[in-house]
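So you can see what is in the structure, the chains are spelled out below.
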Amino acid sequence: MSALFQPLAIFLIGLGGGFAIPILYRLGRNWLNAGFVLALGGILVVSLACLATVLQDGVPIEIVTAGAQPPYSINLRFGVWEGACVVAVNVIAVLGAIHMRGLLFGRYVPQLLYVVMTIGIAGMIMTRDLFNL
C-alpha cells in the first residue's frame, strides 16, 4: 500500500483542504468549489482504497501516533467495520454536499466546517476510544 492510501491521509487531505479553502476563496468561487470537491473526493478515494486493502489482506490497519503505545497515545484502527463506517460517512458527506450545493458552494465558511466535520466523524470512528472522543 502506498503512503498516500493510509488512513492518516484522510486527515491530511481534510486538514489540507480546510486550510486551502480560505486561500481558494480569495482566488474566486470556481477555485473554492473545486478545492472543496477535491477535498471531499480525495477523502472518499483514500477511505475506499484503505477498505479495499483491508478486505484483500484481511488484516486491519493499526496506526499508533506519537511513537508510543496506548494509553499514552492515540491509536487508529481501520478494520473491516471501521472501514465500512468511514466509507459510508464519506459517501453520505459527498451526497450531502451535492444535495446542499446551493448552500455550500461559493461560501467558504460552510465548506470549511463541512470538511472538518467529515474528518472529525472519521476520526471518531477510527479511534474507538471514548476518552479521545
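Above this text sits the structure in question.
Asker: Give a detailed account of the nonpolar core, specifying residues and quantitative values.
Answerer: Counting residues in hydrophobic clusters, the biggest one holds 17 residues, and the most contacted among them are Ile10, Ile61, Phe78, Val86 and Met126. Taken together, the elements giving at least two residues each to this core come down to helix H1 (8-27), helix H2 (29-57), strand S1 (61-64), strand S2 (75-78), helix H3 (80-99) and helix H5 (108-127).

Asker: Explain the side chain of Gln111 residue by residue, including any values.
Answerer: Along the chain, Gln111 falls in helix H5. Classification of Gln111 as buried rests on a relative accessible area of 0%. When sequence neighbours within four positions are dropped, the list of residues in contact with Gln111 reads Ile21, Leu32, Asn33, Phe36, Leu104, Phe105 and Gly106.

Asker: Kindly report on a nonpolar patch on the surface, identifying the contributing residues and their values.
Answerer: Residues Leu55, Val80 and Trp81 make up a contiguous nonpolar surface patch of roughly 390 Å² in combined accessible area. Relative to the elements of secondary structure, Trp81 occurs in helix H3. On the accessibility criterion, Trp81 (71% relative accessible area) is exposed.

Asker: Go over the side chain of Asn75 with me, naming the residues and quoting the values.
Answerer: Examined against the element boundaries, Asn75 turns out to sit in strand S2. Residue classification places Asn75 among the buried positions, given a relative accessible area of 16%. Apart from the residues lying within four places of it in its own chain, the contact partners of Asn75 are Glu62, Ile63, Val64, Pro70, Met126, Thr127 and Arg128.

Asker: Help me get a handle on H2, residues and values and all.
Answerer: Here H2 spans 42 Å end to end across 29 residues, near enough to the 42 Å set by a 1.5 Å rise per residue. Gly58 lies just past H2 and shows a positive phi near 80°.

Asker: Report on the packing of aromatic side chains, specifying residues and quantitative values.
Answerer: Enumeration according to the criterion identifies one aromatic pair in this entry. Judged by centre distance (5.9 Å) and plane angle (65°), the rings of Phe36 and Tyr114 are edge-to-face. Of this pair, Phe36 sits in helix H2 while Tyr114 sits in helix H5, and the two are 78 residues apart along the sequence. Judged on exposure class, the residue Phe36 and its partner Tyr114 are both buried.

Calculation criteria
- Numbering of residues begins from 1 in every chain and follows the order in which that chain's sequence is written.
- In keeping with the model being predicted, local features are shown solely for residues with a pLDDT of at least 70 and side-chain atom pairs are shown and tallied solely at 80 or more, while totals for entire chains, interfaces and linings include all residues.
- The basis for every side-chain value is the complete set of non-hydrogen atoms in the structure, without hydrogens or water.
- Only buried residues count toward a nonpolar core, which is a set of Ala, Val, Leu, Ile, Met, Phe, Trp, Tyr and Cys residues joined through side-chain atoms within 4.5 Å.
- Exposure is judged per residue with a 1.4 Å probe applied to protein chains only, and the accessible area is read against the type maximum: over 50% gives exposed, under 20% gives buried, and values in between give partly exposed.
- Secondary structure elements follow DSSP: runs of H or I no shorter than four residues count as helices, runs of E no shorter than two count as strands, and numbering proceeds from the N terminus.
- Working rule for contacts: check all heavy atoms of both residues, and any pair within 4.5 Å makes them a contact.
- Two joining distances apply to patches: 9 Å for like charges and 5 Å for nonpolar side chains (Val, Leu, Ile, Met, Phe, Trp, Tyr), and every residue must have over 30% relative accessible area and no salt bridge.
- Surface exposure here means Shrake-Rupley accessible area, sampled with a 1.4 Å probe, where a residue is shielded only by the protein chains that are shown.
- The term salt bridge refers to a side-chain nitrogen of Lys or Arg lying within 4 Å of a carboxyl oxygen of Asp or Glu.
- In a helix, the anticipated span is given by 1.5 Å times the number of residues less one.
- Geometry of aromatic contacts follows a simple scheme: Phe, Tyr and Trp rings, the Trp one being its six-membered ring, pair when their centres are within 6.5 Å, and the pair is stacked under 30 degrees between planes, edge-to-face over 60, tilted otherwise.

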